[in-house]
Amino acid sequence: MFLMKDIVRDGDPVLRQEAADVVFPLSEEDQQLAKDLMEYLVVSQDPEQCKKYGLRAGVGLAAPQVGVSKKMASVLVPAAEENGKSPFTDVIINPVIVSESVQQGALTEGEGCLSVDKDVPGFVPRHDRITLRYYDVNGEKHQVRLKNYPAIVCQHEIDHLHGTLFYDHIDKDQPFGRDEDTIMID
Ligand code: UDB
Ligand code: ZN
């Protein structure tokens, strides 16, 4: 099981690398990685276990964040955040955003990251809606349409697979500046 000590922090070059495609069928090692990435989220979202293991409650975790430069990430959006409409939970492998809305969206609270210990205030403009194509652990291909919070989480995780961190998107001169038509998502 992953603990905070296993999570790679900003400054480690692995977080800036382009991750490699995952090969199917998954090796034993990659299967275990998929399980562990999801387990971290499940355990960390349980208040008791979160405290017991000293975790930060996570909604997504990408393989490079545990030092593995492969295109794999787990996403677990808790029910309350799903907005009732586009729930999303899976381990996403070799994900590609095949289309995206012109409409931008940003989290009201800004973003943080399990790999970034400091607070970086500011809006992180992203696409409000995306069509995501990915493979699951069984090698099955999925194509899903996501919006609002689940779409933001997936874009954050996919960024990790390309060496991008959330604060790269924050306007340095006007961190809380935004286009008139950017939707705010809580
Ligand atoms: C997070 N957690 O996991 F709505 F149970 C953030 C951290 C950086 C604050 C730990 C988070 O948003 N927690 C959360 C939210 C809920 C319900 C809940 C926990 N990430 C994931 C990450 O760093 N992945 O690489 C940061 C998010 C910011 C926007 C999307 C991902
Ligand atoms: Zn992150």
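Residues numbered from 1 in each chain as written. Chains lettered and ligands numbered in written order. Predicted model: local features only at pLDDT ≥ 70, side-chain atom pairs only at ≥ 80, totals over all residues. Heavy atoms only, no water.

Caption draft 1: Structural context of the coordination of the zinc ion (ligand 2). Taken together, the protein ligands of the zinc ion (ligand 2) are Cys113 (SG), His156 (NE2) and His160 (NE2), with distances of 2.1 to 2.4 Å. We note that the donor set of the zinc ion (ligand 2) lies within a single chain, spaced as C-x42-H-x3-H. Taken together, the residues span a long stretch of sequence, with Cys113 in the loop between strand S4 (104–107) and strand S5 (126–127) and His160 in helix H3 (residues 148–161) at a distance of 47 residues. Pair check on accessibility: Cys113 and His160 agree, each one buried. (Donors = N, O, S within 2.8 Å, 3.2 Å for Na, K, Ca; no water. Helix = DSSP H or I, 4+ residues; strand = E, 2+ residues; numbered from the N terminus. Buried < 20%, exposed > 50% of the residue type's maximum accessible area, 1.4 Å probe, protein only.)

Caption draft 2: Examining the confidence of the model for the protein chain more closely. Looking at the protein chain, the pLDDT average stands at 96 and 97% of residues meet or exceed 70. Predicted confidence in the protein chain is weakest over strand S8 (residues 183–185), with a mean pLDDT of 96, and strongest over strand S1 (residues 60–62), with 99. (pLDDT = per-residue confidence, 0-100.)

Caption draft 3: How the structure looks around the pairing of strand S7 (residues 141–147). Sheet topology places strand S6 (residues 129–135) next to S7; 7 bridges connect them, and they run antiparallel. Within S7, the residue paired with Arg129 across the bridge is Lys147. The antiparallel hairpin formed by S6 and S7 contains 5 residues in its connecting segment, where Gly139 sits at a positive phi of about 85 degrees. (Pairing = 2+ DSSP bridges.)

Caption draft 4: Quick look at the site of ligand 1. The immediate surroundings of ligand 1 are formed by 19 residues, with Val59, Gln65, Leu114, Glu157 and His160 found nearest. Take Ala57: an N or O atom from its main chain is 3.1 Å from a nitrogen atom of ligand 1. Calculation on ligand 1 without its partners gives an accessible area of 650 Å², and the protein chains cover 82% of this total. Of all the cavities here, the one that holds ligand 1 is the largest pocket. By residue class, the composition of the shell around ligand 1 is 8 nonpolar, 7 polar and 4 charged. (Near = heavy atom within 4 Å. Polar contact = N/O pair within 3.5 Å; in protein donor to acceptor, adjacent residues only side chain to side chain. Areas by Shrake-Rupley, 256 points an atom, 1.4 Å probe, with all protein chains shown as cover. 1 Å grid on protein atoms, 1.4 Å probe; cavity = no way out; pocket = protein on both sides within 12 Å on 5 of 7 lines; lining within 4 Å. Sits in = over half its atoms within 2 Å of the grid points. Nonpolar A, V, L, I, M, F, W, Y, C, P; charged D, E, K, R; others polar.)

Caption draft 5: Looking closely at the pattern of salt bridges. For the coordinates displayed, the defined rule picks out 9 salt bridges. Between Arg126 and Glu111 there is a salt bridge whose closest N-O contact spans 2.8 Å. Here Arg126, found in strand S5, pairs with Glu111, found in the loop between S4 and S5; they are 15 residues apart in sequence, far enough to count as distant. Using a relative accessible area of 4% as the deciding quantity, one classes Arg126 as buried. Connected through salt bridges with shared partners, the residues Glu18, Asp21 and Lys71 form a single ionic network. (Salt bridge = Lys/Arg side-chain N within 4 Å of Asp/Glu carboxyl O.)

Caption draft 6: A look at the packing of aromatic side chains. Applying the stated criterion across every chain, the model contains 4 aromatic pairs. For the ring pair Phe24 and Tyr135, a centre distance of 5.6 Å and an interplane angle of 45 degrees mean the geometry is tilted. Of this pair, Phe24 sits in the segment before helix H1 (28–44) while Tyr135 sits in strand S6, placing them 111 residues apart in sequence. For Phe24, a relative accessible area of 29% translates into the label partly exposed. (Phe/Tyr/Trp six-rings, centres within 6.5 Å; stacked < 30°, edge-to-face > 60°.)

Caption draft 7: View of the side chain of Asp159. Along the chain, Asp159 falls in helix H3. Owing to a relative accessible area of 15%, Asp159 belongs among the buried residues under this scheme. At 2.9 Å, the side chain of Asp159 forms a polar contact with the side chain of Arg126.

Caption draft 8: Expanded view of the layout of surface pockets. Taken as a whole, the largest pocket encloses approximately 700 Å³ of empty space. Gly110, Glu111, Gly112, Cys113 and Tyr149 are, among the 34 residues lining the largest pocket, the residues nearest its centre. Sorting elements by how many residues they give to the lining of the largest pocket places H3 first, with 6 residues. The residue makeup of the lining of the largest pocket, split by class, is 15 nonpolar, 10 polar and 9 charged. (Points joined across faces, edges and corners; volume = space filled by probe spheres on them.)

Caption draft 9: Highlighting H3. For H3, with 14 residues, the first-to-last C-alpha span of 21 Å sits near the 20 Å given by 1.5 Å per residue. Taken across its 14 residues, H3 has 14 buried, putting it largely inside the fold. Positive backbone phi, approximately 80 degrees, marks Gly163, located one or two places after H3. (Expected span 1.5 Å × (residues − 1).)

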